[in-house]
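The lines below spell out each chain.
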Amino acid sequence: MANDLHVYDKPPEGANADWTIPQNWDAFTAAEHKMWDRLFARQSEMLPGRAADAFLRGLDVLKLSKPGIPDYCELNQRLMRATGWQVVAVPGLVPDEVFFDHLANRRFPAGNFIRQPEQLDYLQEPDVFHDVFGHVPMLADPVFADYMVAYGKGGLRSLGFDALDHLARLYWYTVEFGLIQQADGLRIYGAGIVSSYGESIFALEDNSPNRIKFDLLRVMRTRYRIDDFQQNYFVIGSLDELLRTTAETDFAPLYGQLEHLPDIAIADILDDDKLLHRGTQAYALNKA
Ligand code: HBI
Ligand code: FE
């Protein structure tokens, strides 16, 4: 499948009204399956001791170590049994309301193409490796699975509040780039990290980024970058904490508060922050 940016305002030719398409697993070439295997081998080797227990359990329960791009018929049987979620194929990025509606109904939309060899470390649009290897293992965890449903429902409600930018930051700093404090140390669970070789090491071990205890309002005020490693990571104490602080919070008053609070610049540290590590920002400064 072509690998240009798929950003449309209506479902493309051949897609369903909800933007899903058939995975058409048989159409993936041997080279595409080999690309998956190459990325899988590189990531799975470095994740023990770095990825959250829930992520590693998910890889195991879903049998993602089977060679090749996963066939969703097979994957979904295991995922359904674990948490009632399923993976559906989409051509690429889908509109926000479509995305939220899928999540609210326990469907995770996954890009139906795989990166080219020259994009091994970075691509802008989520491909099947980022979406399935990065996101789906956590969806086999019952608590995280419920968090994602709550996020989808919250997303649909936010559309009436003009609050999408704030809510997107919550997704960014948890689902994509979240860290978790386990009893045996700091671990990664965000899909953007676990699907990236360089960032998996950087997020945990580099002195550059700030590591700050997760706070819902703080996160929703914090800008982020999409072009390079993050300058901040937010650390949750447990998946239960994450689910509780979001599922039990009425976001409407928060949105009201946020209207009057300024955004926080990417690497700023506030007096109220519970800092686990004050970043040197050496990495970002070297590039500037
Ligand atoms: N579409 N396929 C896909 N994947 C995403 O992660 C995604 C999307 N559309 C919108 C969207 N994300 C954003 O609304 C969220 O990141 C908040
Ligand atoms: Fe993602």
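Residues numbered from 1 in each chain as written. Chains lettered and ligands numbered in written order. Predicted model: local features only at pLDDT ≥ 70, side-chain atom pairs only at ≥ 80, totals over all residues.

As annotated in an unreviewed UniProt entry, the protein is Phenylalanine-4-hydroxylase from Sphingorhabdus arenilitoris. Regarding the protein, the UniProt comment filed under Sequence similarities (unreviewed entry) reads as follows: "Belongs to the biopterin-dependent aromatic amino acid hydroxylase family." Per UniProt, the protein has the following entry under Cofactor (unreviewed entry): "Fe(2+)". (UniProt positions renumbered as here; feature names shortened; annotations may be inferred.)

Here we look at the site of ligand 1
Around ligand 1 sit Val90, Leu93, Val94, Asp96, Phe99, Pro109, Gly111, Pro126, Ala168 and Tyr171, and that is every residue in its neighbourhood. Elements with a contribution of two residues or more to the shell around ligand 1: helix H4 (96-104), strand S2 (107-111) and helix H7 (164-176). Here the residues of the shell around ligand 1 are counted per class, giving eight nonpolar, one polar and one charged. (Near = placed C-beta within 6 Å. Helix = DSSP H or I, 4+ residues; strand = E, 2+ residues; numbered from the N terminus. Nonpolar A, V, L, I, M, F, W, Y, C, P; charged D, E, K, R; others polar.)

Topic: the packing of H4 against helix H6 (residues 142-158)
Taken N-terminus to C-terminus, the directions of H4 and H6 make an angle of 140°; their axes are 7 Å apart at the nearest point. Considering only the axes of H4 and H6, their crossing is left-handed. Mapping the contact onto sequence places Asp96, Glu97, Phe100, Asp101, Leu103 and Ala104 in H4 and Met148, Val149, Tyr151, Gly152, Lys153, Gly155 and Leu156 in H6. Class assignment for the residues of the contact of H4 with H6 results in seven nonpolar, two polar and four charged. (Axes fitted to C-alpha atoms, helices over the stretch in contact; angles between N-to-C directions. Left-handed = near helix turned anticlockwise from the far one by under 90°. Contact = placed C-beta atoms within 7 Å.)

Quick look at the environment of Ala110
Tracing the backbone through its elements, the reader meets Ala110 in strand S2. Here Ala110 falls in the buried class, since 25 other C-beta atoms lie within 10 Å of it. With 17 residues separating them in the primary sequence, Ala110 and Leu93 have C-alpha atoms 8.9 Å apart. (Buried ≥ 20, exposed ≤ 12 C-beta atoms within 10 Å, placed from the backbone.)

Comments concerning the sheet that holds strand S4 (residues 185-188)
Here five strands make up an open sheet; going across it, the order is S4-S3-S6-S5-S7 and the pairing mixed. Edge positions in the open sheet fall to S4 and strand S7 (275-277), since each of these has one partner strand only. Between one strand axis and the next, the sheet turns by 35° as a mean value, whatever way the strands run. Where strand S5 (residues 210-213) and S7 come together, two bridges link them in antiparallel fashion. Directly across from Arg211, in S7, lies its bridge partner His277. Packed on one face of the sheet, helix H9 (residues 197-205) meets strand S3 (179-182), S4 and strand S6 (232-236) and runs near 150° to S4. (Pairing = 2+ DSSP bridges.)

Structural notes on the packing of H6 against helix H11 (residues 239-247)
How two helices sit against one another is set out by the angle between their axes and by the gap between those axes. Running from amino to carboxyl end, H6 crosses H11 at an angle of 25°, the nearest separation of the two axes being 9 Å. Judged by the angle between their axes, H6 and H11 are roughly parallel. Handedness of the H6/H11 crossing: left-handed. Listed contacts from H11 to Val143, Phe144, Asp146, Tyr147, Ala150, Tyr151 and Gly154 of H6 are Leu239, Asp240, Leu242, Leu243, Thr246 and Ala247. By residue class, the composition of the contact of H6 with H11 is nine nonpolar, two polar and two charged. (Parallel < 35°, antiparallel > 145°, perpendicular 65-115°, else oblique.)

Examining the nonpolar core
Among the nonpolar cores identified, the biggest contains 66 residues, and Phe55, Leu79, Val87, Leu139, Phe144, Met148 and Ile188 are the most heavily contacted of them. Ranked by the residues each element gives to this core, the list is headed by helix H5 (residues 128-139), at seven residues. (Core = buried A, V, L, I, M, F, W, Y, C linked by C-beta atoms within 7 Å.)

Some words on the environment of Ala17
Relative to the helices and strands, Ala17 is located in the segment before helix H1 (30-46). According to the C-beta neighbour criterion, Ala17 is exposed, with 8 such atoms within 10 Å. Between the C-alpha atom of Ala17 and that of Val98, which follows or precedes it by 81 residues, the distance is 9.6 Å.

A short note on helix H3 (residues 72-83)
If you check H3, its first and last C-alpha atoms are 15 Å apart, about what 12 residues at 1.5 Å a residue would give, namely 16 Å. Of the residues making up H3, those classed as buried are Tyr72, Leu75, Leu79 and Thr83. Projected down its long axis, H3 shows its buried positions confined to an angular sector of 65°, all on one face. For H3, the exposed residues lying more than 90 degrees away from the buried face are Cys73, Gln77, Met80 and Arg81. Of the surrounding elements, those touching the buried residues of H3 are strand S1 (86-90), H5 and H6. (Expected span 1.5 Å × (residues − 1). Arc of directions from axis to C-beta.)

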